[in-house]
Every structure is written in structure tokens, then in C-alpha cells.
Amino acid sequence: MQPIWHEHRRGAVVDLCFFAAAAGEKGKKRAGKRRVFAIAEHSDASLGDGEDKTYTCERIMRKIVEKMKLLVVAGPPSSGKTSVILQLIAALGVPRGMAGVVKFDCLTSFDHLRYREAGVPVVTGFSGATCPDHYFVSNIEDAVAWGKKKGLEWLITESAGLCNRCSPYINGVPAICVIDAIAGVNTPRKIGPMLKMADYVIITKGDIVSQAEREVFAFHVRQVNTTARVLFVNGITGQGATALKRYALQAPACDTLREKKLRFTTPSAVCSYCTEERRIGESYQMGMLKKMEFNEA
């Protein structure tokens, strides 16, 4: 396949037309066509890869893929993560199919249907009996490779913190925690690193509670995480998504996650019950276990 770039004006919208020689046929056959935005980074100076200055689809697409941005979204189940992500993608205004999602869940999920309906490429993985955090860190590098292979401009991972101890955040990658205002005003104090280590805390369903409850909830969030930006986003109307978009655009390009580190340790998962032991009793309890102290009250 020999791609040809028909338009090479900086800052212009360009047509990338892909042609391939059809086997057993004379001439060339159009294989497909899609539109992308040629931005200033694709100037002669920024290409700088030792090749000549001929603009081809192959070189332009390679540069676009290298500039893919990654966001990590986490939060308790049913807090509105999928709705927030869809509203954020709409606010970003990226071409259809250029923002993808990797969904990490435990047992089942139907969110992929909503993403596909919106034209968002999605891959869903279930951790099953494995700790969700261990499952996330074992697959996140492959997720980034998938996004680059698809030529995505944005890759967003969605992870449900089912135990409130989950911490699927990576140094150097924007971390977004989504929690809903109807979960109770003390909920922020019950969530661990998933909230405390986030860069941005998105509060959803704020239209269901009173203004006073919203303020108290946000106050408790800021007590737990004093540095995060706290935003209210309506997952149905999209109100607040534009503000989240401004922060998302500051995300650095993500070429690889190799050698990067998690912001916090994952939960321990090396006891006998992690390896399918079901019998109760001290003789069956091996590995890393944490026991309570029952003193007379």
C-alpha cells in the first residue's frame, strides 16, 4: 500500500487517500479515505526524522500516532464515568473514531454498547478473580500499543474502583476520579488513593442534590485531596465538560509507559484466598494476611 497526501498546507484540513495495487488487476484502486487535521507540529522543522521533506500519509500518520494523549479515569461503580468520558470526547471535538476507550471492569459491563453507538473504538477487559489494579497494570502498556496501532489521538482508560482501595494512576499521566454527589457527604473520606492521588475530581449527579449538599460534598473532597481541581459535570447535558476539556488538553503526549511508575502501590493479592482457597480456618490462611485485634471494649 502506497499512501499519498494530496494537500500539504500547514494548519489545513487534509484528505489522506490510501491507494493499493489490487492483486490481479491493472492500475490502482482506492482503498479508503479519511480526514485528519494537519497541525503546526507537522511542519518541515518538526518532522526532523532524517528523511526528505516530502509529505506522505505514512509520515504524517506516524507523527500523529506519536502524539497520542492518554487519560486515566477511575471511580466507584455507577458514578457516571462512561457518561463523563462521552461528554469529554464530544467537547474535545476530535474526528469520529480518533478517541478510543479501554474499559477495565470485574465481572460484566454493557458500556461498550454506548461507546460503539457514539462511534468510539472500545476494548473491554474483565479481571474476574484477579485484583482489578493488578489486572490494570498488567494490561495498560498493551492498551497504549493498541491505541497507537489504531492511530488514535486520544486514549482514555476507564477503571471501576470496586474496593475503594484501587489506585490505577500513573506518574506523568493525568488522573481523573469520578464520584457522584448522591453517594453521601462522607463518601470522599471512605475512598483511598483513587481520590487522594487524582489530579482532577469530577462530581456528577449534582443536579439531584441541593446547592448546600453540593458545597458540603465538594468541601469533603478538598479535605481529602487538597491539590486536585474539583469540577461538577453533568453526564446527561454535558454541562461542565468544556471546563474539563481545557485541562485535558494540557495532557502530555504518551508514546510509551515503559519504566513509568504507579502513583501508589496496588492492594496485596498474594494470600491463599487469592489462589482459589475457599475453606475457612487459620490452617488454610497463608501468604500476606491482615488480622484484626479484638480487645475488650
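Some words on helix α9 (residues 241–248)
- Taken residue by residue, α9 has Ala 241, Ala 243, Leu 244, Tyr 247 and Ala 248 as its buried positions. One side of α9 carries all its buried residues, which in axial view fall inside an arc of 160°.
- At its buried positions, α9 is contacted by β4 (69–75), α3 (81–92), β7 (154–160), β8 (175–180), β9 (200–204) and β10 (229–232).

A word on the sheet that holds β7
- Taken together, seven strands build an open sheet; the order of strands is β6-β5-β7-β4-β8-β9-β10 and the sheet is parallel. Strands with a single pairing partner mark the edges of an open sheet, and in this sheet they are β6 (122–126) and β10. Each strand of the sheet is rotated relative to its neighbour by a mean of 20°, with strand direction disregarded.
- Here strand β5 (residues 99–105) runs beside β7; their pairing, made up of six bridges, is parallel. The residue of β7 that forms the bridge with Gly 100 is Leu 155.
- Relative to β7, α3 is tilted by about 170°, and along the sheet it contacts β4, β5, β7, β8 and β9.

A short note on the pairing of β5
- Burial runs high along β5: seven of the seven residues are buried.
- Burial of the side chains of β5 extends over both faces: Ala 99, Val 101, Lys 103 and Asp 105 are buried on one face and Gly 100, Val 102 and Phe 104 on the other.
- Strand direction decides the pairing type here: β5 and β6, joined by five bridges, are parallel. Pairing of Val 102 across the sheet is with Val 123, part of β6.

Definitions and limits used
Residues numbered from 1 in each chain as written. Predicted model: local features only at pLDDT ≥ 70, side-chain atom pairs only at ≥ 80, totals over all residues. Heavy atoms only, no water. Buried < 20%, exposed > 50% of the residue type's maximum accessible area, 1.4 Å probe, protein only. Helix = DSSP H or I, 4+ residues; strand = E, 2+ residues; numbered from the N terminus. Arc of directions from axis to C-beta. Contact = heavy atoms within 4.5 Å. Pairing = 2+ DSSP bridges. Axes fitted to C-alpha atoms, helices over the stretch in contact; angles between N-to-C directions.

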